Every structure is written in structure tokens, then in C-alpha cells.
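Overview (structure and organization)
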Amino acid sequence: MKVAVIGGGAAGFFSAIHVKENHPNASVTIFEKTKKVLSKVKVSGGGRCNVTNGTESISELHKAYPRGGKKLKKIFQEFGTVDTINWFESRNVPLYVQEDNRVFPESDNSESIVNCLFKEIRKLNISLETGYCISKIKNLDGRLKLYFKEENKIPEVFEKVIIATGGSPKEEGLKWLKNLGHEIEKPVPSLFTFNNPKTPIIKLMGLVAENTQVSIQGTKLKAKGPLLITHWGFSGPAVLKTSSFGARILSDKNYLFNIQINWINETNYEKVTGLMHQLVKTHPKKTLRNLKAFKLPERLWNFIVEKSELTLEKKLHELGNKGIHKLVEVLCNDIYQIKGKTTFKEEFVTCGGISLNSINLNTMESKEIKNLYFAGEIMDIDAITGGYNFQAAWSTGYIAGKLKN
Ligand SMILES: Cc1cc2nc3c(=O)[nH]c(=O)nc-3n(C[C@H](O)[C@H](O)[C@H](O)COP(=O)(O)OP(=O)(O)OC[C@H]3O[C@@H](n4cnc5c(N)ncnc54)[C@H](O)[C@@H]3O)c2cc1C
């Protein structure tokens, strides 16, 4: 049996390896359009490769995927995060789980993952052809003819083909698959940071507020977690998570929207107001400067006081209801205009791609074309940061590699 895997990324390598393990007599070739393979694995996680996430519970895991979601449950049952960890560790790549549940190789170097995948394809005698871009597939009654962009490469016929070409930032890049009858979900970027380089808060660049809630005004989008102030706007887990869940909505808004920051992740205004009154009662002579409330970094607290049109030397008993109200408003509902986005250097993915309606998720086979399979980010599956995107590549690659009809 002749099998082609299109794409030399994480999903391509992992599916090719599993094809060969499940079908040892198959002749397997990976075609990669560039001269380099596994390039995203190499740069991932800032060169450390956040290979998966430590979340074992499948009912928790699927919640990290705004696209895919519940449909991924069965896929993770077959090959989940624990399987990924076991797979690499049994091949002499020890991993460790960080405090935030992200999983990295003990070497803290993505080369460990790259080398492991290379070693496997060599051991299994999988061919690798780089510099070949597949431009068209023709269905010949169940067998599949691949056409190459490169004029010197003559078309080749395969019994089975796995497409693992990754996220396509433009819909145009998916035309060759749309032409085969597949439904396409319009691709838009996911995992980005929010821009407003002109807002005065930028002077706090580098500062992290650990326990915030970020919402997008006029939508139901919100996320909790640390927020980082950068020299161009806002980043950090709460922002990235909002960008992931809101990828499509924010694209429709052309990345012009307002965010509401709750600096203390407490939406019960009455409770916060009550707390402030309590503080006034117990420390009436304390100045706002000396009030160590809500565990906020000092520079941020000072900024919030200023934004509430209060002075740091004001004593608590001088605040009055009006002062308390202003302070609570900025603490719990601080609004910023966002004008544009910036790619998050550590990790970005594409929302959209081949619609899951066009794929049998038990086998990853196309519902349109027999013997054609999908794996990885080419599909309408993506997640927040934390190793979940690679996990989707490993899991779908594992299933596609069975080549079941
Ligand atoms: C900077 C960065 C850092 C990241 N860090 C992390 C991380 O730490 N943890 C995590 O979970 N996720 C991370 N991600 C996301 C993760 O890298 C991707 O989700 C994952 O690599 C997808 O794997 P894939 O094999 O589906 O696609 P890709 O890795 O994109 O591979 C697809 C391959 O197919 C090739 N190709 C495309 N079209 C054709 C064609 N027509 N013919 C032949 N070849 C073709 C491409 O050149 C490419 O090499 C990161 C992403 C980026 C950009």
C-alpha cells in the first residue's frame, strides 16, 4: 500500500509514524513544501516546546478548544495527554509538568522533541521529500493522484493520503480542498494580544496583574487570569484566552472594540463597596498610598487611584461615598479602547479550516473523498495556549494513522 502524508509538521510526522506502526508493509512518504520540517515544533514555546498539557481529565481538556470542543472528547479518549507523555517518555524524552500545567521536555529544548520524531521516521523507514508542494488531488475511484506545484515532479498515485498541511491563514489556500467538496470554515487568526499604544496605562509596561477578569464590551466574551501590560497594549493569559474564544467575533469587529478590565476579578460591586467601607472604618487615617488593599502591585494601585481622580495622599475617611464609588468603578470596570491586534510571538494558530462536518471524527477520513484523511491544524480545531494545540496534532495524527475506513 502506497501512502502519502502531506505536510512535514507535528501532525504529519505523528500520523506517518502511526501509519507505519499500524501497517508495517505500507510505503509511506511525507511531502513537505518547504526545505525544512518541524519548523513550528522547533520554535514552539519560546524554543522549549510546550508539547502537551498536564490536564488528564477529558471533560476538562476539551474546554480549552473553542473550535473542536465536545467533539474532541472521543478523540482524546483514544489518544490523550497522558498518552502523549507516555509516548515521548518511552522514547527517552523525559518531560515535566510546570506549575501552570504546561508540559515541556526536561531538556527545556524543543530539539529533544524534533530529534525524537526524526529518529522514529528513520527507524520506520519513512521517506521524506522536501521542497514539494501538493497543489491538487484527483480522485481515481478510491485511489488518489497527487499533483505538485513543481513542474519537474510528475503526479503520483497513492492508495491513501493524509493531509496535515497546518492552518491556512487565507481561505484561498484551502481552495484545492474545497474543490473536492469539503466545507470550509473561514480562517481567521487566533491567539493575539490587544493594541492601544496611546493609552496612559502603557507607562506600567511589564507589570502583571495576577487575578483579573477581561470582558469584551457588547459581547459575552470574558476570561479570567493574569494580565500583562505591554508597551503596545495588553497581553497575558486572560487576553490570549479572550482572543481565542473571540477569534471570529473580534475579526468581524475588525479588531476595534472596548475591553473592560476587572483588576480584582470580583464582579459583585456591592461586596467591593462594602469592603471599602470596612477599610475606611478600620483605618480612617490611612492614606490611599499606604492602603495595601486587594493585593495589587503598588504601581497599578497608584494608577487606579489617579484614574479615579483621587490623590494618593487622601485619607480614607475623606473619601466619602463618591470617592469610594469612583474607586470601585475603576477597580471593577476599567474600560480601554482596543485598536488592532499583535501576533503573540510564543504561539499563534488559525481558527477555521476544513469543517468538522466534512470529516468522520472516528477515523479522520473525509466524508467527501474515500481514503483521504486529515490531521492537525488544517481542520477547524484550535485551542488556547498551554500545549493544547500540539495535543490536537498528536491525537488526530494518531487516529488518522490507523487509515480506517
Ligand atoms: C511560534 C509558534 C509557537 C507555538 N508554540 C506552541 C506550543 O508551545 N505548544 C502548542 O501546543 N502549540 C504551539 N503552537 C501551535 C502549534 O505549533 C500548531 O498548532 C501545530 O504545529 C500544528 O501542527 P500541524 O502539523 O497541523 O501544522 P504545521 O506545523 O503548520 O505543519 C504543516 C506543514 O505542512 C506544510 N505544507 C503546507 N501546505 C503544503 C502543501 N500544499 N504541500 C506540502 N506541504 C505543505 C507546511 O510547510 C508545514 O511544514 C505554536 C505555533 C507557533 C506559530
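Notes on the structure follow.

Rules used throughout
- Residues numbered from 1 in each chain as written.
- Predicted model: local features only at pLDDT ≥ 70, side-chain atom pairs only at ≥ 80, totals over all residues.
- Heavy atoms only, no water.
- Pairing = 2+ DSSP bridges.
- Helix = DSSP H or I, 4+ residues; strand = E, 2+ residues; numbered from the N terminus.
- Axes fitted to C-alpha atoms, helices over the stretch in contact; angles between N-to-C directions.
- Core = buried A, V, L, I, M, F, W, Y, C linked by side-chain atoms within 4.5 Å.
- Buried < 20%, exposed > 50% of the residue type's maximum accessible area, 1.4 Å probe, protein only.
- Contact = heavy atoms within 4.5 Å.
- Near = heavy atom within 4 Å.
- Polar contact = N/O pair within 3.5 Å; in protein donor to acceptor, adjacent residues only side chain to side chain.
- Areas by Shrake-Rupley, 256 points an atom, 1.4 Å probe, with all protein chains shown as cover.
- Nonpolar A, V, L, I, M, F, W, Y, C, P; charged D, E, K, R; others polar.
- Lys, Arg positive; Asp, Glu negative; His and termini not counted.
- Salt bridge = Lys/Arg side-chain N within 4 Å of Asp/Glu carboxyl O.
- Expected span 1.5 Å × (residues − 1).
- Arc of directions from axis to C-beta.

**Some details on the sheet that holds strand S7 (residues 134-140)**
Strand order across the open sheet formed by three strands is S7-S8-S9, with antiparallel pairing between neighbours. Of all strands in the sheet, those with a lone pairing partner are S7 and strand S9 (156-158), marking the two edges. Within the sheet, the average angular offset between the axes of one strand and its neighbour, ignoring direction, is 30°. In the sheet, S7 pairs with strand S8 (residues 143-148) via six bridges, with the strands oriented antiparallel. What sits directly across from Leu140, in S8, is Arg143.

**A word on the nonpolar core**
The nonpolar side chains of soluble globular proteins are, as a tendency, buried together. Within the largest apolar cluster, 79 residues are counted, with the highest numbers of intra-cluster contacts made by Phe88, Leu117, Ile137, Leu146 and Val161. Contact partners of Leu146, with chain neighbours within four places excluded, come to Ala4, Ile6, Phe31, Ile134, Lys136, Ile137, Pro155, Glu156, Phe158 and Val161. Residues Ile229, Leu250, Trp301 and Ile304 belong to the second largest nonpolar core, which totals 46 residues.

**Things to note about the site of the ligand**
With respect to spatial proximity, 32 residues lie near the ligand, and among them Ala11, Glu32, Glu346, Glu377 and Phe390 are the closest. Contact distances for the ligand include 2.9 Å between an oxygen atom and a backbone N or O atom of Ala11. A distance of 3.0 Å is found between a nitrogen atom of the ligand and a backbone nitrogen or oxygen belonging to Asn50. Expressed as a share of its isolated accessible area of 1000 Å², the protein-covered part of the ligand is 92%. Listing elements by their share of the shell around the ligand, those giving two or more residues are helix H1 (10-22), strand S2 (27-32), helix H2 (39-47) and helix H13 (388-400). Taken together, the residues of the shell around the ligand break down into 13 nonpolar, twelve polar and seven charged.

**Quick notes on the sheet that holds strand S4 (residues 95-97)**
One open sheet accounts for three strands, arranged S3-S5-S4; its pairing is antiparallel. Strand pairing shows two members of the sheet lacking a second neighbour, strand S3 (52-53) and S4, which therefore form its edges. Summarising the sheet, S4 and strand S5 (residues 102-105) pair through three bridges and their orientation is antiparallel. The residue of S5 that forms the bridge with Leu95 is Pro105.

**Examining the side chain of Glu365**
Take Glu365: it is sitting in strand S21 (residues 365-366). Summary of buried charges: Glu365 has no salt-bridge partner, and the nearest side chain of opposite charge, Lys160, is 5.6 Å away. Setting aside residues up to four positions removed in sequence, Glu365 forms contacts with Ser358, Ile359, Asn360, Lys370, Asn371, Leu372, Tyr373, Lys404 and Asn405.

**Topic: helix H10 (residues 269-282)**
Over its 14 residues, H10 extends 20 Å from the first C-alpha to the last, a length consistent with the 20 Å expected when each residue adds 1.5 Å. Of all the positions in H10, only Val272, Met276, Leu279 and Val280 are classed as buried. Considered in projection along H10, the buried side chains sweep an arc of 100° and stay on one side of the axis. Turned more than 90 degrees away from the buried face of H10 sit Glu270, Gln278, Lys281 and Thr282, all of them exposed. Packed against the buried residues of H10 are helix H12 (320-332). The backbone nitrogen of Glu270 has a side-chain oxygen 3.2 Å away, supplied by the residue at the start of H10, namely Asn268.

Any link to function would need more than the numbers given here.
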